[in-house]
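Architecture at a glance
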Amino acid sequence: MAGSFGLGISSADDPVDWDALTRYATEVMQRAYAPYSQYKVGVAGLVDDGRVVLGCNVENAAYGVALCAECGMVSALHATGGGRLRAVACVDGQGRPLMPCGRCRQLLWENGGPTMELLTARGVVTMDQVLPDAFDSSDLDAAADTTGPAAPDQENPA
């Protein structure tokens with residue numbers, strides 16, 4: 001396994017090889033640093049150029065500063081050239097599909113968008129099914145739009 005530096009398994013137009021993504025996620029999960037919870041997580045993401053990027057969770061004695069596997073994978077995505085995630089497989093310590101937490105769902109949306117596919121216990125779903133009404137750059141554009149609806153009156157909030 002080539003680590004988180006990007007591992008090519010397909011061309012950009014090939015169907016997603018979910019078995020390969022799950023194998024990569026399971027392999028990297030074994031490298032997770034989880035001495036406190038013993039809950040290891042691994043993730044593999046297929047990038048739009050055919051690369052595969054990996055991540056695993058990294059705990060810390062100061063619990064709040066732990067890193068989710070998806071955080072590591074997104075960092076590897078950008079460290080190895082960027083791009084968009086097409087498909088992601090996230091697994092638990094037994095190699096079973098695992099639903100990312102809310103924070104990580106937002107990271108996946110930002111780096112894959114509404115059509116990115118995610119392997120879950122119920123099968124493959126798209127991000128717009130996992131995170132309906134997601135917050136993204138269009139919300140920031142709307143907030144900056146001065147022609148939109150006026151903000152609620154501070155003395156008489158709506």
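The structure displayed is predicted, hence computed values, not measured ones.

So, how was this worked out
- Residues numbered from 1 in each chain as written.
- Predicted model: local features only at pLDDT ≥ 70, side-chain atom pairs only at ≥ 80, totals over all residues.
- Heavy atoms only, no water.
- Core = buried A, V, L, I, M, F, W, Y, C linked by side-chain atoms within 4.5 Å.
- Buried < 20%, exposed > 50% of the residue type's maximum accessible area, 1.4 Å probe, protein only.
- Helix = DSSP H or I, 4+ residues; strand = E, 2+ residues; numbered from the N terminus.
- Contact = heavy atoms within 4.5 Å.
- pLDDT = per-residue confidence, 0-100.
- Pairing = 2+ DSSP bridges.
- Patch = residues over 30% accessible without salt bridge, like charges linked within 9 Å, V, L, I, M, F, W, Y side chains within 5 Å.
- Areas by Shrake-Rupley, 256 points an atom, 1.4 Å probe, with all protein chains shown as cover.
- Salt bridge = Lys/Arg side-chain N within 4 Å of Asp/Glu carboxyl O.

Description of the nonpolar core
The biggest cluster of nonpolar side chains holds 22 residues, and the ones touching the most others in it are Met-73, Leu-85, Val-88, Leu-108 and Met-127. Of all the elements in the fold, those that place two or more residues in this core are β1 (42-47), α2 (69-79), β3 (85-91), α3 (102-112) and α4 (127-130). In contact with Leu-108, other than residues within four places in its own chain, are Met-73, Leu-85, Val-88, Pro-100, Gly-113, Met-116, Leu-118 and Met-127. Core analysis: the next-biggest nonpolar cluster, separate from the first, contains 18 residues, Tyr-24, Met-29, Ala-44 and Cys-56 among them.

Thoughts on the confidence of the model for the protein
The pLDDT averaged across the protein works out to 89; a share of 85% of its residues lies at or above 70. Below pLDDT 50 for its whole length, residues 1-5 participates in twelve contacts with residues either more than four positions away or in separate chains.

Here's the deal with the pairing of strand β2 (residues 52-56)
Among the five residues that make up β2, five are buried, leaving the element largely enclosed by the rest of the structure. Of the two faces of β2, both are covered, the one formed by Val-52, Leu-54 and Cys-56 as well as the one formed by Val-53 and Gly-55. In terms of strand pairing, β1 meets β2 through five bridges, oriented antiparallel. Bridge pairing in β2 places Ala-44 opposite Leu-54. Hairpin connection from β1 to β2: four residues lie between these consecutive antiparallel strands, with Gly-50 at a positive phi of about 100 degrees.

Overview of a nonpolar patch on the surface
A cluster of nonpolar residues, Tyr-33, Tyr-36, Val-58, Tyr-63 and Leu-67, forms a patch on the protein surface that exposes about 540 Å² of accessible area. Along the chain, Tyr-33 falls in the loop between α1 (18-29) and β1.

Observations regarding the environment of Thr-26
Tracing the sequence through the fold places Thr-26 in helix α1. Each C-alpha atom, one on Thr-26 and one on Cys-56, is 9.5 Å from the other, the two residues being 30 residues apart in sequence. Beyond its immediate stretch of four places on either side in the chain, Thr-26 contacts Val-91 and Gly-95.

Things to note about unusual backbone geometry
With a phi close to 65 degrees, Gln-38 is a non-glycine residue in the positive phi region. For Gln-38, the location among the structural elements is in the loop between α1 and β1.

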